[in-house]
Amino acid sequence: GAGVSQSPSNKVTEKGKDVELRCDPISGHTALYWYRQSLGQGLEFLIYFQGNSAPDKSGLPSDRFSAERTGGSVSTLTIQRTQQEDSAVYLCASSPGQGETQYFGPGTRLLVL
Amino acid sequence: EDQVTQSPEALRLQEGESSSLNCSYTVSGLRGLFWYRQDPGKGPEFLFTLYSAGEEKEKERLKATLTKKESFLHITAPKPEDSATYLCAVRPGLTGGGNKLTFGTGTQLKVEL
């Protein structure tokens, strides 16, 4: 079956612009996660959704970062007023339920000039 | 604070030369240790989940084991197609952050002919 998909694959933007990253989880998966992977660093947790609710937002690095999920499916991660340090690969994962194995998408490579 | 340390950072093997990758962890109440494989430009691909000390899982040339402080990923008679970065992650159980994974920085494996 179809895996987790993310769009765009790559995004180049100018400092100060807003960007939106999209994640389509595996069909039927109720849990959805966003992580960030910077060069030379491990994956860093950003936010977790169960259904449309986000019980854990502890990893969002600043109030420029926000995310929403609608219809218990698609999620959008928005970064406002992008900074160069936001450059990274943003990975989305989904799992059948809370606490189960997480399956990752291919990621969105964000470059802020 | 939950921590995951992987060693070595990089490993170069000849085809057929068996070896092991190490993942040491500190976590509040382990509720799962995960191994993923990540190819360049792609998202992590799930390999194994281990839940308790003494547990072992195998898939083709890979075998994962778990103790109370570390996990090993044993690679038997590797082939060039096993070249990838191998990531270890833990899910904590006692601190309320039980739905996010804490990742190590990975071991970059290269298998040469």
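For the structure, check the block above.
Residues numbered from 1 in each chain as written. Chains lettered and ligands numbered in written order. Predicted model: local features only at pLDDT ≥ 70, side-chain atom pairs only at ≥ 80, totals over all residues. Heavy atoms only, no water.

Engineer: I keep staring at the overall build of chain A and nothing clicks. Help me out?
Structural biologist: Looking only at helices and strands, chain A features zero helices and 11 strands. Counted from the first residue to the last, chain A has its helices and strands arranged as β-β-β-β-β-β-β-β-β-β-β. Here the C-alpha atoms of chain A give a radius of gyration of 13 Å, agreeing with the 13 Å that 2.2 N^0.38 yields for 113 residues. Considering only C-alpha atoms, chain A reaches an extent of 35 × 25 × 25 Å along its principal axes. Per-residue burial for chain A yields a buried fraction of 50% across its 113 residues. A separation of at least 24 residues holds for 54% of the contacts in chain A among residues at least 6 apart in sequence. Entry remark: accessible area of chain A is about 5200 Å², with carbon and sulfur atoms responsible for 45%. Measuring between centres, the 10 positive side-chain charges of chain A sit 4 Å from its 11 negative side-chain charges. (Helix = DSSP H or I, 4+ residues; strand = E, 2+ residues; numbered from the N terminus. Rg over C-alpha atoms; globule rule 2.2 N^0.38 Å. Buried < 20%, exposed > 50% of the residue type's maximum accessible area, 1.4 Å probe, protein only. Contact = heavy atoms within 4.5 Å. Areas by Shrake-Rupley, 256 points an atom, 1.4 Å probe, with all protein chains shown as cover. Lys, Arg positive; Asp, Glu negative; His and termini not counted. Charge placed at Lys NZ, Arg CZ, Asp CG, Glu CD.)

Engineer: Sorry if this is basic, but what is going on with the interface of chain A and chain B here?
Structural biologist: A common way to express how large an interface is: the accessible area buried when the components associate. Contacts between chain A and chain B engage 22 residues on the former and 17 residues on the latter. Taking both sides of the interface into account, the surface hidden between chain A and chain B amounts to around 1500 Å²; carbon and sulfur atoms contribute 52%. Looking only at chain A, the three residues that lose the most surface to chain B are A:L43, A:T101 and A:F104, adding up to 28% of its buried area. Counting the contacts that link chain A with chain B gives zero salt bridges. Counting across the chain A and chain B interface gives six residue pairs in polar contact (both at pLDDT 80 or more). Elements supplying a minimum of two residues to the side of chain A that touches chain B: β4 (31–37), β5 (43–50) and β10 (103–104) of chain A. Looking at the side of chain A that touches chain B residue by residue, the classes come out as nine nonpolar, 10 polar and three charged. (Buried area = accessible area lost by both parts, 1.4 Å probe. Salt bridge = Lys/Arg side-chain N within 4 Å of Asp/Glu carboxyl O. Polar contact = N/O pair within 3.5 Å; in protein donor to acceptor, adjacent residues only side chain to side chain. Nonpolar A, V, L, I, M, F, W, Y, C, P; charged D, E, K, R; others polar.)

Engineer: It is not clear to me how a nonpolar patch on the surface should be interpreted in this structure. Could you clarify?
Structural biologist: The grouping of A:V12, A:L111 and A:L113 at the surface amounts to a nonpolar patch, some 290 Å² of accessible area in total. Along the chain, the position of A:L113 falls in the segment after β11 (108–112). (Patch = residues over 30% accessible without salt bridge, like charges linked within 9 Å, V, L, I, M, F, W, Y side chains within 5 Å.)

Engineer: Just checking my understanding: could you explain the sheet that holds strand β7 (residues 65–69) of chain A for this structure?
Structural biologist: Each strand in a sheet pairs with another by means of backbone hydrogen bonds, the pair being arranged parallel or else antiparallel. All names here are of chain A. Spatial ordering of the open sheet is given by β1-β3-β8-β7, a layout of four strands whose pairing is antiparallel. Only two strands of the sheet have a single partner each, and these edge strands are β1 (5–7) and β7. Averaged over neighbouring strand pairs, the angle between their axes works out to 15° when direction is ignored. Relative to strand β8 (residues 75–79), strand β3 (residues 19–24) runs antiparallel, the two sharing five bridges. Counted as the bridge partner of C23 is S75 from β8. (Pairing = 2+ DSSP bridges. Axes fitted to C-alpha atoms, helices over the stretch in contact; angles between N-to-C directions.)

Engineer: Whenever I open this one, the side chain of B:S71 confuses me. Can you help?
Structural biologist: Residues and elements named next belong to chain B. Topologically, S71 is positioned in strand β8 (residues 70–75). Taking the relative accessible area as the measure of exposure, S71 reaches 0% and is therefore buried. Within the local environment of S71, its side chain forms a polar contact with the side chain of W35, the two groups lying 2.9 Å apart.

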